[in-house]
Every structure is written in structure tokens, then in C-alpha cells.
Amino acid sequence: MTSLLRGKVALVTGASRGIGRGIALGLGEAGATVYVTGRTLSGRSRHMPFLAGSLEDTAQQVTELGGEGIAVQCDHTDDAQTRTVIERIREERGQLDVLVNNVWGGYEGLHIWDERGEKWDAPFWEQPTSIWDDMFAAGVRAHYVTSQLAAPLLIGARGLVVSISFFAAEGHKDTESIPYFLAKNATDRMALAMANHLRPHGVTSVSLYPGLVRTEGIMLAPEGAFDLSNSESPQFIGRAVAALASDANVFTRTGQVVVAAELALEYGFSDIDGKQPRSLRADSLG
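Quick caveat, the model's predicted, so the values are computed rather than measured.

Reading the values: the criteria
- Sequence order as written defines the numbering, with residues in each chain counted from 1.
- Thresholds applied to this predicted model are a pLDDT of at least 70 for local features of residues and 80 or more for the giving and counting of side-chain atom pairs; totals over whole chains, interfaces and linings are not thresholded and use all residues.
- Only hydrogens and water are set aside; all other atoms, that is, all heavy atoms of the structure, feed into the side-chain values.
- Burial classes: relative accessible area under 20% of the type maximum marks a residue as buried, over 50% as exposed, and values in between as partly exposed (1.4 Å probe, protein chains only).
- Only runs of H or I of at least four residues qualify as helices and only runs of E of at least two qualify as strands under DSSP, and these elements are numbered from the N terminus.
- Paired strands are those between which DSSP finds at least two bridges.
- By convention, orient the strands away from the viewer: a clockwise path from the first strand over the helix to the second makes the crossover right-handed.
- We call two residues in contact whenever any of their non-hydrogen atoms come within 4.5 Å of each other.
- The term polar contact refers here to a pair of N or O atoms within 3.5 Å; inside protein, the definition further demands a hydrogen-donor-capable atom paired with an acceptor-capable atom, and it admits residues adjacent in sequence only when both atoms are side-chain atoms.
- As a rule, the C-alpha atoms of each element are fitted with a line to give its axis, helices using only the stretch in contact, and angles between N-to-C directions run from 0 to 180 degrees.
- For classification, angles of less than 35 degrees are called roughly parallel, those exceeding 145 degrees roughly antiparallel, those between 65 and 115 degrees roughly perpendicular, and all remaining angles oblique.
- By convention the crossing between two helices is left-handed if the near helix lies anticlockwise of the far one by an angle smaller than a right angle, and right-handed if it lies clockwise.

Caption draft 1: Molecular detail of the pairing of strand 1 (residues 9-12). Residues V9 and L11 of strand 1 are buried on one face, and the alternating residues A10 and V12, pointing to the opposite face, are buried as well. Of the strand pairs in this sheet, strand 1 and strand 2 (residues 33-38) are connected by four bridges, and their pairing is parallel. Residue A10 lies in a different strand from strand 2, and its bridge partner there is V34. As for the winding sense of the linkage, the β-α-β connection from strand 1 through helix 1 (residues 18-29) to strand 2 is right-handed. Sheet topology places strand 1 next to strand 4 (residues 98-101); three bridges connect them, and they run parallel. Its bridge partner being in strand 4, A10 is matched across the sheet by V98.

Pasting the structure below:
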């Protein structure tokens, strides 16, 4: 698997830990050069010190798996920092084949259990507006700006843009958090809209749904809080991205929402423990 993406360059935003780290590792397994960005360059997060993980750790693991990991500290709510990352890639590599828009905000309250966490399932008029602000600034807007700045490089490579979303975008849960639903729905619609703009240039844009992922935050939850029997490792999501990036016919998927567990069946890969997670699509429609 280590030669599939040899010579390809990827950028994964929000890769200090969690799904972002897993995506970087999946691309590293396939031999890609992976730029990883986030706020925590080394040590522990200043914002959530109880969660282990840093960019330097991620980059090292990418390299150990057969790729080349490059850590670049970046707060994606600052457009100037994002621009600096893209310019660095342009100067050092002259290409960008894969962009993964993974960075996200708004979950912090669930980890430190402040008012945002306590009010997560409350009616919208009782929720702090900061949940909306975090998800749209550090999520939707960050995805848009990164894609906007990276587009010329992606066009040159006829590349791939993967925006990480979730089933919440479909709004099947009657009491779904409105900021969460709208932010994820906006991610899906933006992936489609970008696909329309990028189609004449041969660039693929998709939205990718993971299932329940065993991130550091999930694994710190009280015992029994989550049923992990059908969960996924973060690296499983990376294998899904790597499979898309190595598919010569991936352009046929542009504008679509794809599900990691369904891609595993199509492309024939499994999770790091050898298991084949079940897609949550049927559950979300139930």
C-alpha cells in the first residue's frame, strides 16, 4: 500500500489528533507527502490539555508509515496563517494533489463540559451563540478559505478536495442541534458547489462521512457513553481518503457525499484491527 500515492502531496487541516491525524496516517501509509496543520505544534493543546496529540507527533507517525510528514502550525481562523501554509506548499513542492478540510470547532464544550456542552441538546434559544460561531468560523469558513487559496494548486494537479462532514447534515434527528445541523449541511452543499466550479478543471470535490470514530475525546468519555461495537479508528477514515486519492476514476464521484464504511466495501480495505465497520446510513434514515 505504501506506493499508491508516492510523489503526491496532501494537506490535512486540523491534524494534531482525532480524525485529522488518522487521515494523515492513512495517506502516509500510501506513501504521500502530507502537510499537517493545527494549533498544537508540540506537547499538549493549550486549549484542551487533557487531550494528547500534536502536529509533530502526527508528522513523525506519517513518516514512520512510509510517507513524509511535515508539521506546520496554523490557526485556520486566521486567513493570513492559512495563506502562509499554501504559499509554503507552493514554494516547497509546487503542487497539491489532495486537500482534506478536516479542521473544526464547536466540540470543545463537550470535552471540557462547560455551558456549550451542557446545552448541546437544549432548544436553540437556550444554547450559547458561541456554538454557532465556533462551528462556522473554525469549520465552514475555514474550509472555504483553505479551498479558495488552494484551488490554483489543485487545478494544476487535477486534484481532490475532501471535506469531512457527518450524518447530522441530513437532519433526521428531530432535536438535532441547529448550529451542528446547519454547519454540516453547509459543508455538504459547499462541497457540491465547489465541485460545480472545479468540474471544468478536472478537480474532484466530495464530502466524506465517517461513522463513530474512536478519537481521543470519544475514548475519554465515561464508560458506556458510546456503543463502540461498530466504531472506526481515525486511520480508517484516512484509508478511505487514500483510496479516493488513488482511484483514477475518482472524478466520477465529484459533488457527492460518500461514506467511509461504504468506500471500504467498494475499494476492499478494512480498519486497522481487520474489522469492516457498518455504514451508519441506514441508522440515520431510521
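Caption draft 2: Local environment of the environment of T13. Residue placement: T13 occurs in the loop between strand 1 and helix 1. For T13, a relative accessible area of 1% corresponds to the buried category. Linking T13 and V36, residues 23 residues apart in sequence, is a C-alpha distance of 6.0 Å. With residues near it in sequence (within four places) discarded, T13 still touches T37, H76, V100, N101, N102, V103 and T146. Within the structure, T13 has its side chain in polar contact with the backbone nitrogen of N102 (distance 3.0 Å). At 3.0 Å, the side chain of T13 forms a polar contact with the backbone nitrogen of V103.

Caption draft 3: A look at the packing of helix 1 against helix 2 (residues 55-64). Remark: helix 1 packs on helix 2, axes separated minimally by 8 Å, with the N-to-C direction vectors making an angle of 20°. Taken together, the axis directions place helix 1 and helix 2 in an arrangement best described as roughly parallel. Seen from above, helix 1 lies across helix 2 with right-handed handedness. Taking contact as the criterion, the partners of R21, A24, L25 and G28 in helix 1 are, on helix 2, D57, T58, Q61 and V62.

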